[in-house]
Amino acid sequence: MNKTILMVTLLTSLFLGACSSGSDNAQTPAAGSAPPENSQAAESARLPLSEQAKQALEQAIKHYEDFARQHRSFLWRDTELLIAQTKEALQKGEFDLVLQSAEKVEKEVRLMQGQVEFAKKNWRKFMVNP
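Thresholds, definitions, all that
Within every chain, residues take consecutive numbers counted from 1 along the sequence as written. Per-residue local features of the predicted model are confined to residues with pLDDT of at least 70, and side-chain atom pairs are confined, for both listing and counting, to 80 or more; whole-chain, interface and lining totals are unaffected and use all residues. Values shown for side chains rest on all heavy atoms present in the structure; no hydrogens or waters enter the calculation. Axis lines are fitted to C-alpha atoms, over the contacting stretch for helices. Their N-to-C directions set the angle, which ranges from 0 to 180 degrees. Helix and strand labels come from DSSP, where a helix needs a run of H or I of at least four residues and a strand needs a run of E of at least two; each type is numbered from the N terminus. Note that the term roughly parallel is reserved for angles under 35 degrees, roughly antiparallel for angles over 145, roughly perpendicular for angles of 65 to 115, and oblique for everything else. The hand of a helix crossing depends on one turn: near helix anticlockwise from the far one by less than a right angle means left-handed, and clockwise means right-handed. By definition, residues are in contact when any of their heavy atoms lie within 4.5 Å. Residues are sorted three ways: Asp, Glu, Lys and Arg are charged, Ala, Val, Leu, Ile, Met, Phe, Trp, Tyr, Cys and Pro are nonpolar, and all the rest, Gly among them, are polar. pLDDT is a per-residue confidence score from the predictor, ranging from 0 to 100. Exposure is judged per residue with a 1.4 Å probe applied to protein chains only, and the accessible area is read against the type maximum: over 50% gives exposed, under 20% gives buried, and values in between give partly exposed. Residues scored as charged are limited to Lys and Arg (positive) and Asp and Glu (negative), so that His and the chain ends carry no count. The working definition used for a salt bridge is a side-chain nitrogen of Lys or Arg within 4 Å of a carboxyl oxygen of Asp or Glu. The span expected for a helix works out to 1.5 Å for each residue beyond the first. This arc corresponds to the set of directions leading from the helix axis out to the C-beta atoms.

Relative orientation of the contacting elements helix H3 (residues 49-70) and helix H4 (residues 77-92) amounts to 160 degrees, with a least axis distance of 11 Å. Between H3 and H4, the angle is such that the two are roughly antiparallel. Considering only the axes of H3 and H4, their crossing is left-handed. Residues Ala 53, Lys 54, Leu 57, Ile 61 and Tyr 64 of H3 form the contact with H4, whose own contacting residues are Thr 79, Glu 80, Ile 83, Thr 86, Lys 87 and Leu 90. Classifying every residue of the contact of H3 with H4 gives 6 nonpolar, 2 polar and 3 charged.

Structure follows, in structure tokens:
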């Protein structure tokens, strides 16, 4: 079970590293320091499961809210319901479920972003009278 949690945390940090590498604020690590993905994974492995679950949920909600600010018409109602259920699971102490649900929220945000890009590229195909 701990291996699964570590893998989810590592994959999340890798995804976030890949997303932030394209931004203007990307920082390169110092020559003597460890890569950010390894240090984040090591740091998260030291945290208790409850703290990992809480951070994963907060991060997923932040990504969802960032997307919502930019593309209000592409939001999925099911994602908002999943976030509410995940918050309840966190209060109940079901940390494995929280980690899985947070990863699912992240995946749905990526799918919504893909939906936006598809709509931008193909909007003329769906017009009634082009």
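Let us now look at the packing of H4 against helix H5 (residues 95-122). It is at 9 Å that the axes of H4 and H5 come closest, and there the two elements cross at 160 degrees. Judged on the interaxial angle alone, H5 and H4 are roughly antiparallel. The handedness of the crossing between H4 and H5 comes out as left-handed. Touching Asp 78, Thr 79, Leu 82, Ile 83, Thr 86, Ala 89 and Leu 90 of H4 are Phe 95, Leu 97, Val 98, Ser 101, Lys 104, Val 105, Glu 108 and Met 112, all from H5.

Of the residues in the protein, 63% have a pLDDT of 70 or more, and the chain-wide mean is 76. Counting contacts from residues 20-34, a segment whose pLDDT is below 50, to residues more than four positions away or on other chains yields 4 contacts.

Right, let's talk about the side chain of Glu 108 for a bit. Relative to the helices and strands, Glu 108 resides in helix H5. Here Glu 108 occupies a buried position and makes no salt bridge, while the nearest side chain of opposite charge, Lys 104, is found at 4.6 Å. Sequence-distant contacts of Glu 108, defined by excluding residues within four places in its chain, comprise Trp 76, Asp 78, Thr 79 and Leu 82.

Right, let's get into H3. Over its 22 residues, H3 extends 32 Å from the first C-alpha to the last, a length consistent with the 32 Å expected when each residue adds 1.5 Å. For H3, the complete set of buried residues consists of Gln 52, Ala 53, Ala 56, Leu 57, Ala 60, Ile 61, Tyr 64, Phe 67 and Ala 68. Looking straight down H3, one finds its buried side chains confined to an arc of 160 degrees; they lie on one side. Structural note: H3 exposes Arg 69 and Gln 70 on the side pointing more than 90 degrees away from its buried face.

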